[in-house]
Amino acid sequence: MAALPKEAIAQLKVFIHLVKTNPELLHTPDLKFFKDFLESYGGKVPEVSSQSQSQSQSSPSKKPTPAPEPKPPTPEPESEESDIELDNSGVIEPDTAEPLPEVDEAMEITEEQMDQSNEKKREAIKAYSDQEYEKAAEFYTEAIKLNPGSALLYAKRGQCYLNTNKPNACIRDCTRALVINPDCAPAYKFRGRAHRLLGNWEQAAQDLRNACKIDFDEQADEWLREVTPNARKLEEHKLKYERKRREKELQEKKERVRRAREANEAARQEAAQNMDEDMAGDFSGLGGGMGANLFNLLNDPELMQAFKDPEVAAAFQDISQNSSNYMKYLDNPKVVAVIEKMSGKYSGMAGGFPGGFPGGPPPPPSSDDTELD
């Protein structure tokens, strides 16, 4: 009969030594064939002790990581829309202004048309001085038809509308004048006054400031000083509202970052816990209290770091299934280094590691290694 290879004999010795130290292994489903073999020759397999059963049943099991307690919602800031005390004296009801007809402002104007337009403008000025504002507006309309590219004509007709309590019509004409000439000071002046009549305090202040900047006018300056208190209140309120809005957005951003960090940390802890439980499950099949001891051993930070290496993790998973598989990894320095470290640490634990860590050098054979008590 051919002799068994030395490697197989060494593995068998390690296995027998392990079974002698932990006979409960023979009651695992994977070794039932060997238990039946022993009993067929009249061998007696020790029963599993109640202590071993309780240890086996108390092996680590996966438990869902409790979700972090929700943080109380950030209280909503009080409404920023608070009543502002404004002096609205002199504000009138808005009028309905008809849209301006489309005209060719770049059309070539003949000298005759220009003379006729100037004549209509003089008639409009006279009617305005006589306080006939509607009639003056009609004369300006005729002058505009003859010379549609004049920004001043639109602004002066807007002034007429201003005096007939038609602020929207004034704003329409002055806006057209500023399209033609953005530096038309009268257009800013009259449009600013029209905004004041409508209670548009900020727009009024802005237009009157522009009018005084382009061409200082005492009346425009007086109107500006009239609207400034209300405009300043609104501007300060808007700045305060904008500041609080930015603070709220910043707080919400910080809260989102905090929640994201907590979620990432919870996911990291759950992944680490799952890795620990998976390893505990891998070693729980070793029988007795050995699995629990190995699980506690793997809480060592250096070993946990080593087991993050997929190659090392795969090797030890293979060894946990069959301790004799260690011989396949004797040429792998990373696996051998971990085995030596674990063997050294386990030797200081109660009871020691039976036969050394699976995969470590087999213990010296004794005379009764080939038979069971």
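Shown above is the structure to which this text applies.
These notes cover the structure that comes with them.

Parameters at a glance
- Residues numbered from 1 in each chain as written.
- Predicted model: local features only at pLDDT ≥ 70, side-chain atom pairs only at ≥ 80, totals over all residues.
- Heavy atoms only, no water.
- Helix = DSSP H or I, 4+ residues; strand = E, 2+ residues; numbered from the N terminus.
- Buried < 20%, exposed > 50% of the residue type's maximum accessible area, 1.4 Å probe, protein only.
- Contact = heavy atoms within 4.5 Å.
- Phe/Tyr/Trp six-rings, centres within 6.5 Å; stacked < 30°, edge-to-face > 60°.
- Lys NZ or Arg CZ within 6 Å of the ring centre and 35° of its normal.
- Expected span 1.5 Å × (residues − 1).
- Disulfide = S-S within 2.5 Å.
- Salt bridge = Lys/Arg side-chain N within 4 Å of Asp/Glu carboxyl O.
- Core = buried A, V, L, I, M, F, W, Y, C linked by side-chain atoms within 4.5 Å.
- Axes fitted to C-alpha atoms, helices over the stretch in contact; angles between N-to-C directions.
- Parallel < 35°, antiparallel > 145°, perpendicular 65-115°, else oblique.
- Left-handed = near helix turned anticlockwise from the far one by under 90°.
- Nonpolar A, V, L, I, M, F, W, Y, C, P; charged D, E, K, R; others polar.
- Arc of directions from axis to C-beta.

Within the protein one finds 14 helices and zero strands. Residue burial in the protein is summarised as follows: out of 373 residues, 33% are buried. Taking contacts inside the protein between residues at least 6 apart in sequence as the whole, the part at least 24 apart equals 61%.

Along the chain, Asn147 turns up in the loop between α5 (133–146) and α6 (151–163). Note on Asn147: relative accessible area 13%, which makes it buried. Once residues within four sequence positions are removed from consideration, Asn147 is found in contact with Ile109, Met114, Ser117 and Leu153.

Further remarks concern the packing of aromatic side chains. Applying the stated criterion to the full structure yields one aromatic pair. Arranged with centres 5.0 Å apart and planes meeting at 65°, the rings of Tyr128 and Tyr133 form a pair that is edge-to-face. We classify Tyr128 as partly exposed; its relative accessible area is 23%. Positioned over the ring face of Trp223 is Lys189, at 5.6 Å from the centre of the ring.

The phi torsion at Gln131 lies on the positive side, around 65°, for a residue other than glycine. The topology assignment puts Gln131 in the loop between α4 (111–129) and α5. For Gln131, a relative accessible area of 59% translates into the label exposed. Look at Asn165: it is not a glycine, yet its phi comes out positive at around 55°.

To continue, consider helix α7 (residues 167–180). Since there are 3.6 residues in each turn of an α-helix, residues three or four apart along the chain are aligned in direction. With 14 residues, α7 extends 20 Å between its outermost C-alpha atoms, agreeing within 8% with the 20 Å of an ideal straight helix rising 1.5 Å per residue. The buried fraction of α7 is high, at 10 of 14 residues. Contact partners of the buried residues in α7: α6 and α8 (185–198).

Applying the stated criterion to the full structure yields zero disulfides. For the unlinked cysteine Cys170, the closest cysteine sulfur is that of Cys174, found at 3.9 Å. The exposure class of Cys170 is buried, given its relative accessible area of 0%.

Turning our eyes to something else, we now look at the pattern of salt bridges. Using the criterion set out here, one finds 23 salt bridges in the structure. In this structure, Arg191 and Asp207 form a salt bridge, with 2.8 Å as the shortest nitrogen-oxygen distance. Here Asp207 lies in helix α9 (residues 201–214) and Arg191 lies in helix α8, a separation of 16 residues in the sequence. Like Asp207, Arg191 is buried. Residue Glu202 is joined to Lys238 by a salt bridge in which the shortest nitrogen-to-oxygen separation is 3.4 Å. Of the two residues, Glu202 sits in helix α9 while Lys238 sits in helix α10 (residues 218–284), which places them 36 residues apart along the sequence. The exposure class of Glu202 is partly exposed, given its relative accessible area of 23%. One connected set of salt bridges, linked through shared partners, spans Glu242, Arg245, Arg246 and Glu249.

It is worth spelling out the nonpolar core at this point. The biggest cluster of nonpolar side chains holds 30 residues, and the ones touching the most others in it are Leu162, Cys170, Ala177, Cys184 and Ala187. When contributions to this core are tallied by element, the ones reaching two or more residues are α4, α5, α6, α7 and α8. When residues no more than four places from it in sequence are discounted, the contact partners of Ala187 are Ala155, Cys174, Ala177 and Leu178. Residues Phe307, Val312, Tyr326 and Met342 belong to the second largest nonpolar core, which totals 12 residues.

The contact between α8 and α9 brings their axes to 8 Å, and the two run at 160°. Relative to α9, the element α8 is oriented roughly antiparallel. Along this stretch, α8 crosses α9, giving a crossing that reads as left-handed. Where α8 approaches α9, its residues Ala185, Tyr188, Lys189, Arg191, Gly192, Arg193, His195 and Arg196 are matched on the opposing element by Trp201, Gln203, Ala204, Asp207, Leu208, Asn210, Ala211 and Ile214. Within the contact of α8 with α9, the residues separate by chemical class into seven nonpolar, four polar and five charged.

Moving on, we get to helix α2 (residues 32–40). Within α2, burial applies to Phe34, Lys35 and Leu38. Mapping the buried residues of α2 onto a view down its axis gives an arc of 100°, with all of them on the same face. In this structure, α2 carries Phe33 and Ser40 as exposed residues pointing more than 90 degrees from its buried face.

As far as function goes, none of this settles anything; it's purely spatial.
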